[in-house]
Amino acid sequence: MEEKTLADRRREELAHAPKNGYDRLTAEDELAMKAYCEDYKKFLDNGKTERECVSYAVALAEAKGFRKFERGMALQPGDKVYRSNRGKALMLAVIGRKPLSEGAHIGAAHIDAPRLDLKPNPLYEDSELAFFKTHYYGGIKKYQWVTIPLELHGVVALTDGRVLKVNVGSGAGDPLFTIDDLLPHLGAEQGKKPMSEAIPGENLNVLIGSRPFKDDKGSDRVKLAILDLLNQKYGIVEEDFISAELEIVPAFRASDIGFDRSLIGAYGHDARVGPRAGLAGMVQMSGTPAHTAVCMLADKEEIGSEGVTGMQSAAFDTFMSDLCDTQRVPLKACYEKSFCLSADVCAAYDPNFPEVYEKRNSALVNYGMGFCKYTGARGKSGASDASAEAVAYVRKIMNDAGVIWQMAELGKVDAGGGGTVAAYMAQRDIDTLDAGVAVLSMHAPFETVSKLDCYMTFKGMKAVYEAE
Ligand code: MN
Ligand code: MN
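Attention in this report is confined to the structure presented alongside it. (Residues numbered from 1 in each chain as written. Chains lettered and ligands numbered in written order. Predicted model: local features only at pLDDT ≥ 70, side-chain atom pairs only at ≥ 80, totals over all residues. Heavy atoms only, no water.)

Attention shifts here to the coordination of the manganese ion (ligand 1). Around the manganese ion (ligand 1), the protein supplies His110 (NE2), Asp270 (OD), Asp344 (OD) and Asp344 (OD) as donor atoms, at distances of 2.0 to 2.6 Å. The motif formed by the donor residues of the manganese ion (ligand 1), counted along the single chain, is H-x159-D-x73-D. In this model, the manganese ion (ligand 1) sits 3.3 Å from the manganese ion (ligand 2), the two metals being bridged by Asp270. Here His110 is found in strand β4 (residues 104–110), whereas its partner Asp344 is found in strand β14 (residues 339–347), with 234 residues between them in sequence. The buried category is assigned to His110, whose relative accessible area is 1%. (Donors = N, O, S within 2.8 Å, 3.2 Å for Na, K, Ca; no water. Helix = DSSP H or I, 4+ residues; strand = E, 2+ residues; numbered from the N terminus. Buried < 20%, exposed > 50% of the residue type's maximum accessible area, 1.4 Å probe, protein only.)

So this is what it looks like as structure tokens:
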């Protein structure tokens, strides 16, 4: 073997030159990664809305011994509890050996994803075709949502107090829906428009039927036939749409991507990938953690974390305060000693669009769990910007736990920006660092992530919960 030069040795000792995760992955981790990703695909297919994610997570947690947390309940180290916030956000905790005055270790993620919501008065007929009017939710590129298969998920709340669940598209043999686009033969003018204007928001009308009501001489016979079908199936009338939350989501199933099956393509990696990691880390923890471990799955991140189920809601403080009350610890004393890792997504460097990335500081596919000291736009506007000490703390946890990880920014400084729930944890006086899985085609109806990065993010979340 050739002798290493002094420069070679000093380079090894001094330079930060991360290797592809596959050059560092152990055989044991590779096996665990495969199992983890099969479970993750099921989570994706069973949780296409925030409500479905909560239901799925609650069932999983209960199977692992978590109980519904009621205010005033006595709790001992090792106890596992959860609280659902209106069925759209979820908080879980495993009580630690140390008191809450020494802080909690929190994994925070959001479970809402970009989609098309039905408008309050959605149903109409035009030219003997029936449609639903939609209002897009979150940052989408509208042209990506036409001519793809779509499903309808959500609830209809009735005035008698009943809440009907709707899920059309994911059952075997279910019909699907779609939004039509102009044929290229007549698309010359459309083709000249900027992409953001080629498909206006008011054109995102979902095609839901074409067969007229039989033996009716009135107008709107196709709409009437649809209303009749919905009435037979759900017992609802048109006014019931007013108190509904119905979401149009892509009909794609989570699938392996690539000959080597190293990637997963699916709707809603942003954000199911962080929640899955936070949740799996929680239920797979070995023994009672030193600090109380808390997993927060929030709604409404994609529209600013507002609302009663968003990260800005006091529901999280109430849950934490109720936990603290069981130990007579002031909430603020718990918060100032707590640490939060916000598990979301980051932008994967895409060689098809190199102009918007700064490669030295971009997340690379297969380079492991991504950490972002700050998010925000331009001059870090809107970022919570974790302290150097918080980043060093996480580096140590990850290195000790054998997590493959990388440090990243979203893209070029002036190219754009974004935010996560991290800022709202930091506002509460909780040291918080952003983390995430690198995603290709973020916010598209079909997003792509790497299996290695998904698995390492789970391993990283678990390590934070378990840290002394
Ligand atoms: Mn996200
Ligand atoms: Mn997002």
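Moving on to the sheet that holds strand β8 (residues 163–168). Pairing is antiparallel across the open sheet formed by 6 strands, whose spatial order is β8-β7-β10-β5-β6-β9. Of all the strands in the sheet, the pair left with one neighbour each is β8 and β9 (206–209). Neighbour-to-neighbour, the strand axes of the sheet open up by a mean angle of 30°, direction not taken into account. In this sheet, strand β6 (residues 129–137) lies alongside strand β5 (residues 115–126) in antiparallel orientation, the contact comprising 8 bridges. Bridging from a neighbouring strand, Asp126 pairs with Leu129 of β6. Along the sheet, helix α6 (residues 221–234) contacts β5, β6, β8 and β9; its crossing angle with β5, the most-contacted strand, is approximately 125°. (Pairing = 2+ DSSP bridges. Axes fitted to C-alpha atoms, helices over the stretch in contact; angles between N-to-C directions. Contact = heavy atoms within 4.5 Å.)

Turning to the packing of helix α7 (residues 273–283) against helix α12 (residues 451–466), a few remarks are in order. Look at α7 against α12: their axes get within 8 Å of each other, and the N-to-C directions meet at 45°. In terms of orientation, α7 lies oblique with respect to α12. The way α7 lies across α12 gives a crossing that is right-handed. Along the contact surface, α7 presents Val273, Ala277, Gly278, Ala280, Gly281 and Met282, while α12 presents Cys454, Thr457, Phe458, Met461, Lys462 and Tyr465. (Parallel < 35°, antiparallel > 145°, perpendicular 65-115°, else oblique. Left-handed = near helix turned anticlockwise from the far one by under 90°.)

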